[in-house]
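Here are the chains, one letter per residue:
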Amino acid sequence: MASDLVRALKTKAKSLSLSSRKITYLTKDYAKLTWITTLKLNNNYLSDLPYELQCLEQLTELNLGNNVFDEVPSVLAHLCHLKKLYLYGNKIKHLQPQILEGLPNLVLLNLNHNRIKVIPPEIHRLGRLESMSITDNHLEQIPAELGLIKSLTEVNFTNNKLTRIPQQLYSLSQLRKLYLARNNLTELPEGILSWRNLKTLDVAGNHLSVFPVGFQFLTLEELFCEGNNLVSFKPMESIQEKEILSLKELSARMILRDSTNKFSMLSRALPFYPELQDLLSHWGQCAVCSMPFLTTWLECVQFINLKHMGMKSSEFIPVRVLLCSYDCFNRNDHRYYGLVQM
Ligand SMILES: [Zn+2]
């Protein structure tokens, strides 16, 4: 029996570290340490764990970083008390849904430096997860179900292949830190103000051109956005066209305007037409005249000084603004610049 094990059996220590011991294989005798809460096996040559380790029912922290696992060891599905799991620096390609389902108490998950392409939708079974880090993998997308893990406060997807993030991520209202640097994002979806607790946002090294509507009202402490294709601070030609709105848009605007008046006939009739209500629920508001619009708008940009957002830098960033018409755009009492022609 290994001397570490003999000592651990004798002292009944709660924590056992076998880091950097060139271990290629862990014997099932370690399953006798049923009282341990922390087991560190990082920096070895392990590719599997004995099934008997499921007897470690007190285990709350397991470090398997920097080994040679090519999948998440299946015994983990039975270590349901785990709170912290480190699997960084392995060769893992898949996250098996049945293992995620067996870890309802996980608070921290670190899968940095692996080969993961897909996060399965069952990820939401990690219902207590607060910190998730999957940097330096091959992720192409994030499942919408991630938005169901309301406990998440810190998420790190740096250096992957993400082209977009799902709108559902905005349901993570506890999120404080989000790292999305070095991906292929072209835009952030609208609705960003739901991240009312966000303090750090890292989107450096993507393909963003503009930040979503209302971005300047976030209470960020840190923003990293270098290495994007951000629209630069120079006034663009104003476009003096007059647009012709569709009948649908015209009537939608009329109903939207009217429905703010509770006593109008239209707003009293609206509840009887749920499909229409649903259609109208995606409306926007003109930044100049505050009037509503539905599907036709003018996309503009305003430049916000980061200093005015409470940050140290006095850099300007472009933030999207939507206007209802060229009439509003051509007024000279605003500082919005045209971005795309209608
Ligand atoms: Zn307007």
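This one's a predicted model, so the numbers in the text were calculated from it and none came from an experiment. (Residues numbered from 1 in each chain as written. Predicted model: local features only at pLDDT ≥ 70, side-chain atom pairs only at ≥ 80, totals over all residues. Heavy atoms only, no water.)

> Is there a simple way to explain the environment of alanine 13 in this structure?
One can find alanine 13 in the loop between helix 1 (3-11) and strand 1 (15-17). When the C-alpha positions of alanine 13 and leucine 280 are compared, they lie 63 Å apart, and in sequence the two are 267 residues distant. Once residues within four sequence positions are removed from consideration, alanine 13 is found in contact with Ala8, Trp35 and Ile36. (Helix = DSSP H or I, 4+ residues; strand = E, 2+ residues; numbered from the N terminus. Contact = heavy atoms within 4.5 Å.)

> Explanation requested: helix 1 in the structure shown.
Residue pairs spaced three or four apart in an α-helix point in one direction, given the helix's 3.6 residues per turn. For helix 1, the complete set of buried residues consists of Asp4, Leu5 and Ala8. The buried side chains of helix 1 occupy one side of the element, clustering within an arc of 95 degrees when seen end-on. At the C-terminal side of helix 1, lysine 12 shows a positive phi close to 55 degrees. (Buried < 20%, exposed > 50% of the residue type's maximum accessible area, 1.4 Å probe, protein only. Arc of directions from axis to C-beta.)

> Any chance you could explain the nonpolar core here in plain terms?
Nonpolar side chains tend toward joint burial in soluble globular proteins. Membership of the largest hydrophobic core comes to 78 residues, with the highest contact counts inside it found for Leu62, Phe157, Trp195, Phe211, Phe215, Leu223 and Ile317. Counting only elements with at least two residues in this core, the list comes to helix 1, helix 2 (97-101) and strand 14 (316-323). Here this core spans two domains, since at least three of its residues come from each of domain 1 (3-224) and domain 2 (247-338). In this structure isoleucine 317 touches Phe211, Phe215, Leu223, Cys225, Gln302, Phe303, Ile304, Leu306 and Met309, once residues within four positions along its chain are discounted. In this structure, Cys286, Leu298, Cys300 and Cys328 belong to the second largest nonpolar core, which totals 13 residues. (Core = buried A, V, L, I, M, F, W, Y, C linked by side-chain atoms within 4.5 Å. Domains from an automatic or database assignment.)

> For this particular structure, what's the right way to read the pattern of salt bridges?
It is possible for side chains bearing opposite charge to pair when their charged atoms get close. Inspection of the entire model under this criterion finds nine salt bridges. Note that arginine 320 and glutamate 299 form a salt bridge whose closest N and O atoms lie 3.1 Å from each other. Of the two residues, arginine 320 sits in strand 14 while glutamate 299 sits in strand 13 (residues 298-305), which places them 21 residues apart along the sequence. In this structure, the salt-bridge partner of arginine 331 is aspartate 333, at a minimum N-O distance of 2.9 Å. Classification of arginine 331 by relative accessible area gives partly exposed; the value is 38%. Judged by its relative accessible area of 53%, aspartate 333 is exposed. Among the ionic contacts, a cluster of salt bridges with common partners joins Glu187, Glu190, Glu299 and Arg320. (Salt bridge = Lys/Arg side-chain N within 4 Å of Asp/Glu carboxyl O.)

> Sorry if this is basic, but what is going on with empty space enclosed by the protein here?
Space left empty within the atom packing is revealed by a probe, the size of a water molecule, rolled over the atoms. This structure, assessed with the given rule, holds one cavity of 30 Å³ or more. Estimated volume of the largest cavity: approximately 70 Å³. Val72, Leu85, Leu87, Leu95, Gln96, Ile99, Leu100, Leu103, Leu106, Leu109, Leu111 and Leu126 together form the lining of the largest cavity. (1 Å grid on protein atoms, 1.4 Å probe; cavity = no way out; pocket = protein on both sides within 12 Å on 5 of 7 lines; lining within 4 Å. Points joined across faces, edges and corners; volume = space filled by probe spheres on them.)

> Is there a simple way to explain the domain arrangement of the chain in this structure?
Where interface size is quoted, it is often the accessible area lost as the parts come together. We note that the domain assignment places domain 1 (3-224) and domain 2 (247-338) within the chain. Spacing between the C-alpha centres of domain 1 and domain 2 amounts to 39 Å. The partner domain 2 presents eleven residues to the 15 residues of domain 1 that form the contact. Per-residue buried area on domain 1 facing domain 2 is highest for Val210, Phe211 and Gln216; these three make up 45% of the total on that side. Between domain 1 and domain 2 we count two salt bridges in total. Between glutamate 187 and arginine 320 there is a salt bridge whose closest N-O contact spans 3.5 Å. Seen at the junction of domain 1 and domain 2, the total is four residue pairs in polar contact (both at pLDDT 80 or more). Looking at the side of domain 1 that touches domain 2 residue by residue, the classes come out as eight nonpolar, three polar and four charged. (Buried area = accessible area lost by both parts, 1.4 Å probe. Polar contact = N/O pair within 3.5 Å; in protein donor to acceptor, adjacent residues only side chain to side chain. Nonpolar A, V, L, I, M, F, W, Y, C, P; charged D, E, K, R; others polar.)

> I would appreciate a short explanation of the coordination of the zinc ion in the present structure.
Under ideal tetrahedral coordination, the four donors around a metal are separated by 109.5 degrees; under ideal octahedral coordination, the six donors are separated by 90 or 180 degrees. Every protein donor of the zinc ion is listed here as Cys286 (SG), Cys289 (SG), Cys324 (SG) and Cys328 (SG), and their distances to the metal cover 2.2 to 2.3 Å. In this structure, the zinc ion is surrounded by four donor atoms whose angles at the metal cover 106 to 115 degrees, and the resulting shape is tetrahedral. (Donors = N, O, S within 2.8 Å, 3.2 Å for Na, K, Ca; no water. Tetrahedral: all angles 85-135°; square planar, octahedral: opposite > 155°, others 65-115°.)

> Mind showing me how you'd approach the sheet that holds strand 5 (residues 108-110) here?
Backbone hydrogen bonds are what pair the strands of a sheet, in a parallel or an antiparallel way. Taking strand neighbours across the sheet as the criterion, the ten strands line up as 1-2-3-4-5-6-7-8-9-10 in an open arrangement whose pairing is parallel. Looking at strand neighbours, the two that pair on one side only are strand 1 and strand 10 (222-224), the edges of this open sheet. Strand-to-strand twist across the sheet, computed as the mean angle between neighbouring axes with direction ignored, equals 5 degrees. One ladder, built from three bridges, connects strand 7 (residues 154-156) with strand 8 (residues 177-179); its direction is parallel. Bridged to valine 155 within strand 8 is leucine 178. (Pairing = 2+ DSSP bridges. Axes fitted to C-alpha atoms, helices over the stretch in contact; angles between N-to-C directions.)

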